[in-house]
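# Close look at the chain arrangement
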Amino acid sequence: MSQTTDRDNLPNPLDPEETMSRDQIESIQLTRLKETLDYAYTNVPYYKDKYDTAGVHPSDLKELADLKIFPFTEKEDLRKSYPFGMFAVPQHQVARIHASSGTTGRATVVGYTQQDLDDWAKMGARCLRLSGVKPGWKVHNAYGYGLFTGGMGAHAAAERLGTTVIPMSGGQTDKQITMIQDFEPDAILCTPTYLLTIGDAMQRAGLDPRKTSLKVAVCGAEPWTEEMRHELEEMFGIDACDIYGLSEVMGPGVAGESGELKDGSHIWEDHFRPEIVDAYDSTKVLGDGEHGELVFTSLTKQALPIIRYRTHDLTRLLPGSVRPGHRRMGRITGRSDDMIILRGVNLFPSQIEELILKLPALSPHFQLVLTRPGRMDQLAVKVERRAGISTEEATKAGGELGKLIKIHVGSSCAIEVLDPETLERSMGKLKRIFDMRDK
Ligand code: DLL
């Protein structure tokens, strides 16, 4: 059977909403926003109570800007109504459930009607198409299957686009490599740090990641920098694009990036209305281009309508490019709850990643360890030197890293340069920060 017979010319049409103008999208948003507010108020006691207490009513929304008078929804609200308290439909209409474990506290449970699943697959497929994945391609899906939305969400997206899906899930890295070599997928879907793990393991086994059949990687579920994109693209000889999403809002596919421009992810604004608010004073809604916290309102969701959900993800909104009606988001620079405050200076792991990858002797494998030996907090950056780099060269690079952090971030920290293969490898979402201050 020829691998490429006819598959290169399969139809790949855009959804009509993808090509709509900004005015058309905003007109749809206004209609759907009014419907969603009414729907949530009528079907979810949480929203009715919250809006009655705040003295607002769905009928107060006359234009899109009026959304700001409605209270926010927080992860904690979902936790408090665990497991199904915020669902707007009876259980028999819920076709699927996912949950996000989070690092602390109870899981948040999310549900989807059949229509929600259909919309989700459609938006996921839009993302993959935008990144350059084509119908007829083989797609290796290494996002974790299960309660996490990554695996099944990306799977449905790839199926909807008309690809052949290889549902590998996360972990079993050696097996992943065998499958990549034997099945010859065209695209891979996984977290950026897991792609790094796979590439690393291939090199260790004497295989060249640039010689695989892979052409495109669609990576998300954790923050990553342009430097990391470059690292992965060089390692595999591929295009690496971003995909963004979160369970409370939907899952992977809320926004996706163009493989041609690689200029940030387009948010599917016919289904979600994004806002940026001041991360420290959320009463301030910021304008396009301004940095702050991303907030989402769903416009079509049935099982779990979500209004003004605070993501805690920090970014900015930019005008649409290849999909002009849909705004883009800049890279997520971090999560407000992942911010390290070190002696008064705010610091995110992505800033450190950026600086490490400027130094060719250092690898992208690093951890941040916070301790409090006396009364002052201390940060240690543990980073592996690259294979083939001498300890002397690596120590010198460590010194330079310390200086760069001091200059660009404004705080001093200890740098520990480690041998290759000493830090734990990512199997999905990677934990970067180890806070030992209370230990
Ligand atoms: O991580 C959904 C997903 C799966 C997205 C696969 C993309 C690919 P949660 O487990 O609920 O859902 O985690 C959501 O992950 O609020 C961000 O902090 C982070 N995140 C997701 N995508 C990106 C991205 C999935 N592209 C949380 N860049 C979000 C940066 C991301 N951070």
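Heads up: the structure comes first, above all this text.
Description of the structure in this document. (Residues numbered from 1 in each chain as written. Predicted model: local features only at pLDDT ≥ 70, side-chain atom pairs only at ≥ 80, totals over all residues. Heavy atoms only, no water.)

Moving on, we get to the site of the ligand. Around the ligand lies a shell of 19 residues, among which D242, I243, S247, D313 and K429 are the nearest. Contact between the ligand and E222: a nitrogen atom at 3.3 Å from a main-chain N or O atom of the residue. For the ligand, the protein covers 93% of the area, taking 610 Å² as the surface of the free molecule. In terms of residues, the shell around the ligand owes the most to one element, strand β7 (residues 239-246), which gives five residues. Class assignment of the residues belonging to the shell around the ligand gives a composition of nine nonpolar, five polar and five charged. (Near = heavy atom within 4 Å. Polar contact = N/O pair within 3.5 Å; in protein donor to acceptor, adjacent residues only side chain to side chain. Areas by Shrake-Rupley, 256 points an atom, 1.4 Å probe, with all protein chains shown as cover. Helix = DSSP H or I, 4+ residues; strand = E, 2+ residues; numbered from the N terminus. Nonpolar A, V, L, I, M, F, W, Y, C, P; charged D, E, K, R; others polar.)

All of the buried residues along helix α2 (residues 45-54) are Y46, Y47 and Y51. With its buried residues spanning 115° around the axis, α2 presents them on a single face. Residues P45 and T53 are exposed on α2 and point more than 90 degrees away from its buried face. Against the buried residues of α2 lie α1 (22-43) and α3 (75-80). A positive phi of about 70° marks G55, the residue just after α2. (Buried < 20%, exposed > 50% of the residue type's maximum accessible area, 1.4 Å probe, protein only. Arc of directions from axis to C-beta. Contact = heavy atoms within 4.5 Å.)

A complete count under the given rule lists 43 salt bridges for this structure. The salt bridge partner of E226 is R229, with a shortest N-O separation of 2.9 Å. Taken together, the residues E226 and R229, both in helix α8 (residues 226-236) and three residues apart, mark about one turn of the helix. By relative accessible area, E226 is classed as partly exposed at 41%. Here R229 falls in the buried class, since its relative accessible area comes to 3%. One salt bridge connects R328 with D263, and the closest N-O pair in it is separated by 3.4 Å. Here D263 lies in the loop between β8 (251-257) and β9 (265-267) and R328 lies in strand β15 (residues 328-329), a separation of 65 residues in the sequence. (Salt bridge = Lys/Arg side-chain N within 4 Å of Asp/Glu carboxyl O.)

So, about unusual backbone geometry. Between Y82 and the following residue, P83, the backbone shows a cis peptide bond with an omega angle of -5°. Of note, P83 is situated in the loop between α3 and β1 (96-100). Phi at S169 takes a positive value of approximately 70°, unusual for a residue other than glycine. Topologically, S169 is positioned in the loop between β4 (164-167) and α6 (173-183). Classification of S169 as buried rests on a relative accessible area of 18%. Even without a glycine there, the phi angle at E184 is positive, about 50°. With respect to the secondary-structure elements, E184 resides in the loop between α6 and β5 (187-190). According to the relative accessible area criterion, E184 is partly exposed, its value standing at 41%.

Along the chain, the position of T191 falls in the loop between β5 and α7 (192-204). Among the polar contacts made by the side chain of T191, one reaches the main-chain amide nitrogen of Y194 at a distance of 3.1 Å. A distance of 2.7 Å separates a polar side-chain atom of T191 from the backbone oxygen of G428. Ignoring sequence-local partners within four residues, the contact set of T191 consists of Y143, C219, G220, A221, E222, S426, G428 and K429.

Turning our attention to the sheet that holds strand β12 (residues 292-298). Judged by pairing direction, the sheet is antiparallel, and its five strands sit side by side in the order β11-β10-β12-β13-β16 without closing on themselves. The sheet is open, and its two borders are formed by β11 (285-286) and β16 (334-335), each paired with just one other strand. Bridge count between strand β10 (residues 272-277) and β12: six bridges; the pairing is antiparallel. By the bridge assignment, I276 is partnered in β12 with L294. In this fold α1 packs onto β10 and β12, with an angle of close to 95° to the strand it touches most, β10. (Pairing = 2+ DSSP bridges. Axes fitted to C-alpha atoms, helices over the stretch in contact; angles between N-to-C directions.)

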